[in-house]
Amino acid sequence: MDKALTHIPVMLEEALWFLDLKEDIFVLDATFGMGGHGFQIAERIKPGLLIGLEKDPFTYSLVSQKIPLFSNIRLFNLGYEKLDIAMLRLGLSYFDRAFFDLGISSVSLENGRGFSYKKDEVLDLRFDPREGKPAYELIKGMDEKELERILRIYGEERKARIIAKKIKAISRKVDVLRTTHIANIVDSLYHPKMRDRAKARVWQGLRIYTNKELENLRRGLALALRYLSVGGRLVVVTFHSLEDRMVKSLKLYDFVEDVTGKPITPSEEEIRRNPRSRSAKMRVFVKVGEVNHHSLLRDRRFANPFKVR
């Protein structure tokens, strides 16, 4: 496979350790990607079952070719917010472990949908192009204040107002916004040493809004807790503060026990080998009681990265 279409799994050894894998159990890999974690998990639980979910159809088409015909992996082209569909298709009512890696894979950065601010591409930003509208259409359909709110709330970008104003000005002049339009705006407002981080924040905000990431993660976590067996483990790797605060909210509930306390972070050696891992945080929980996921989703405190008023 082309080097550009490979993905280095983050905190692989830590994930395998905290999942506490055993033979003949059922494990959910809610973000299968190119299988960096999933193939290792599947090998360790044989003859158990690895349930893999991969939302991006491009990634799914690539990785599905790597799965042997007779394998203990069942892979679905679904996001974790549709976990219940996969469980219904399998005829299963539970799994024993659940793993979420919420990072954007190297493969997604290469799929031509504008995920990288270093490439000149159409600003689509959808994980699944069969769902919703591309980012450039959403931006055209919103006013300046709404775009500012998205960049400020989801991207945590302090120059959201001026960036939103400049993006809307360009969007009125062109039919389709491209990554270079947005990147040039951010570059014009920041010192060269700060530009990459600023662009990462802007892209984060636009991507989260386009894919409804926070809503989907909230539902995905609730469904995972529903199907996770009592005594089973939930391991989640996050890459920005909004995600981490959502996962951290599980500490409020007595149906789980917090295994790690403070989040686990990559070693200095791993960060040297894979700089994209530097912002990763891993949290681990054990389910100790039954969960009504419908009630959980009605609770405004659950998986909410913002202050509940």
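Whatever comes next refers back to the structure up there.
In this text the structure is predicted, and so the values were computed from the model without any measurement.

Reading guide: rules and limits
- Residues numbered from 1 in each chain as written.
- Predicted model: local features only at pLDDT ≥ 70, side-chain atom pairs only at ≥ 80, totals over all residues.
- Heavy atoms only, no water.
- Buried < 20%, exposed > 50% of the residue type's maximum accessible area, 1.4 Å probe, protein only.
- Helix = DSSP H or I, 4+ residues; strand = E, 2+ residues; numbered from the N terminus.
- Pairing = 2+ DSSP bridges.
- Right-handed = clockwise from strand over helix to strand, strands pointing away.
- Axes fitted to C-alpha atoms, helices over the stretch in contact; angles between N-to-C directions.
- Parallel < 35°, antiparallel > 145°, perpendicular 65-115°, else oblique.
- Left-handed = near helix turned anticlockwise from the far one by under 90°.
- Contact = heavy atoms within 4.5 Å.
- Nonpolar A, V, L, I, M, F, W, Y, C, P; charged D, E, K, R; others polar.
- Salt bridge = Lys/Arg side-chain N within 4 Å of Asp/Glu carboxyl O.

Engineer: What's the story with the pairing of strand β1 (residues 26-29) in this structure? I'm lost.
Structural biologist: The side chains of a regular strand alternate between the sheet's two faces. Burial along β1 is two-sided: Phe26 and Leu28 and Val27 and Asp29, pointing in opposite directions, are all buried. Bridge analysis of β1 against strand β2 (residues 49-53) gives four bridges, and the strand direction is parallel. Bridge pairing links Val27 to Leu50 in β2. Tracing the backbone out of β1, into helix α2 (residues 38-45) and back to the parallel element β2 gives a crossover that is right-handed. Alignment of β1 against strand β4 (residues 95-101), held across three bridges, turns out to be parallel. Note on β4: the bridge partner recorded for Leu28 is Ala98.

Engineer: Which parts of the structure should I look at to understand the pairing of strand β5 (residues 228-238)?
Structural biologist: Of all 11 residues in β5, nine are buried, a share of seventy percent or more. Pairing between β4 and β5: six bridges, direction parallel. Bridge pairing in β5 links Phe99 to Val235. Relative to strand β7 (residues 281-287), β5 runs antiparallel, the two sharing six bridges. Its bridge partner being in β7, Leu234 is matched across the sheet by Phe285.

Engineer: Sorry, what's going on with the packing of helix α8 (residues 160-171) against helix α9 (residues 179-189) here?
Structural biologist: Axes are the key here: two packed helices are described by the angle between their axes and the distance separating the axes. The interhelical angle for the contact between α8 and α9, taken along N-to-C directions, is 140°, at an axis separation of 10 Å. With respect to α9, the element α8 is oriented oblique. By crossing handedness, the relation of α8 to α9 is classed as right-handed. Side by side, α8 and α9 meet where Ile162, Ile163, Lys166, Ile167 and Ile170 of the first sit next to His181, Ile182, Ile185, Val186 and Leu189 of the second. Tallied by class, residues from the contact of α8 with α9 come to eight nonpolar, one polar and one charged.

Engineer: Mind showing me how you'd approach the pattern of salt bridges here?
Structural biologist: Working definition: two side chains of opposite charge can pair if their charged atoms are close together. Counted by the stated rule, this structure contains 23 salt bridges. In this structure, the salt-bridge partner of Lys199 is Asp187, at a minimum N-O distance of 3.1 Å. Of the two residues, Lys199 is situated in helix α10 (residues 195-211) and Asp187 in helix α9; the sequence distance between them amounts to 12 residues. The buried category is assigned to Lys199, whose relative accessible area is 8%. Within the structure, one salt-bridge network assembled from shared partners comprises Lys55, Glu81, Lys82 and Glu131.

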